[in-house]
Amino acid sequence: SLSASEKAAVVSLVGKVAPKANALGSEALTRLFLAFPQTKTYFAHFDLTPGSADLNTHGGKIMNALASAAKNLDNLAGNLSSLSDLHAYNLRVDPGNFALLAHVIQVVLASQFPKDFTPDVQAAWDKFLAIVAAILTSKYR
Ligand code: HEM
């Protein structure tokens, strides 16, 4: 779990992420599909053109879910419970893809918030995203 200073480092960025959720998430998805084309198979029903309404809307959902989770660091499993059900029972996303998404999210944060995304903040977000991924894949069987 996250230490007190890691929690503070995660929270430090949330105020900047939430207002730009759609743009940040859209860029993350664009990077995901370009760098790891196999991830596109889950989104066959989306318009995957960079900047499309589908990417902006879905990217916003992802980043807002992360912002919400970051505000509930003492109850992450509870906060993410319904998303965990969705990804395990309905979507059946291969668990390996969560590390790929976590990677591109960090690239976006580093690119968009270079001053704020210090090594300490990055390390905390890396751990946070790994914990979120573990929860979202915990109900697989
Ligand atoms: C749906 C969050 C990882 C594939 C969603 C939704 C959210 C979300 C908030 C919308 C749920 C709703 O509409 O009620 C996250 C978070 C992730 C993550 C926070 C990890 C940080 C992934 C990964 C993949 C994936 C790695 C596959 C590469 C999908 C798909 C949908 C979805 C296909 C349904 C899209 C649609 O048809 O609208 N996710 N997700 N997710 N997610 Fe994830």
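Structure's up top.
Residues numbered from 1 in each chain as written. Predicted model: local features only at pLDDT ≥ 70, side-chain atom pairs only at ≥ 80, totals over all residues. Heavy atoms only, no water.

## Notes on the overall build of the chain
Then, in step 1: Along its length, the chain carries seven helices and zero strands.
Then, in step 2: Starting at the N terminus and ending at the C terminus, the chain contains elements arranged as α-α-α-α-α-α-α.
Then, in step 3: Relative to a compact globule of 141 residues, whose C-alpha radius of gyration would be 14 Å, the chain shows 14 Å and is just as compact.
Then, in step 4: Across its three principal directions, the C-alpha atoms of the chain cover 40 × 35 × 20 Å.
Then, in step 5: A buried classification covers 42% of the 141 residues belonging to the chain. (Helix = DSSP H or I, 4+ residues; strand = E, 2+ residues; numbered from the N terminus. Rg over C-alpha atoms; globule rule 2.2 N^0.38 Å. Buried < 20%, exposed > 50% of the residue type's maximum accessible area, 1.4 Å probe, protein only.)

## What to know about the coordination of the iron atom of the ligand
Then, in step 1: If you check the protein contacts of the iron atom of the ligand, you find one donor only, His 87 (NE2), at 2.1 Å.
Then, in step 2: Relative to the assigned elements, His 87 resides in helix 5 (residues 81-91). (Donors = N, O, S within 2.8 Å, 3.2 Å for Na, K, Ca; no water.)

## What to know about the pattern of salt bridges
Then, in step 1: Tallied over the entire structure, the rule returns five salt bridges.
Then, in step 2: Lys 16 serves as the salt-bridge partner of Asp 116, at 3.1 Å between the closest nitrogen and oxygen. Residue Asp 116 is located in the loop between helix 6 (96-112) and helix 7 (119-136), and its partner Lys 16 is located in helix 1 (residues 4-17); the two are separated by 100 residues in the primary sequence.
Then, in step 3: Exposure remark for Asp 116: the relative accessible area of 26% places this residue in the partly exposed category.
Then, in step 4: Residue Arg 31 pairs with Glu 27 through a salt bridge whose shortest N-O separation is 2.8 Å. One end of the pair, Arg 31, and the other, Glu 27, are both in helix 2 (residues 21-35), four residues apart, so they sit about a helical turn from each other. (Salt bridge = Lys/Arg side-chain N within 4 Å of Asp/Glu carboxyl O.)

## Things to note about the site of the ligand
Then, in step 1: Taken together, 18 residues lie around the ligand, and His 45, His 58, His 87, Val 93 and Phe 98 are the ones closest in.
Then, in step 2: Between an oxygen atom of the ligand and a side-chain N or O atom of His 45, the distance comes to 2.7 Å.
Then, in step 3: For the ligand, a nitrogen atom lies 3.0 Å from a polar atom in the side chain of His 87.
Then, in step 4: Among the secondary structure elements, those contributing two or more residues to the shell around the ligand are helix 3 (53-70), helix 5 and helix 6.
Then, in step 5: When the residues that make up the shell around the ligand are grouped by side-chain class, the tally is 13 nonpolar, four polar and one charged. (Near = heavy atom within 4 Å. Polar contact = N/O pair within 3.5 Å; in protein donor to acceptor, adjacent residues only side chain to side chain. Nonpolar A, V, L, I, M, F, W, Y, C, P; charged D, E, K, R; others polar.)

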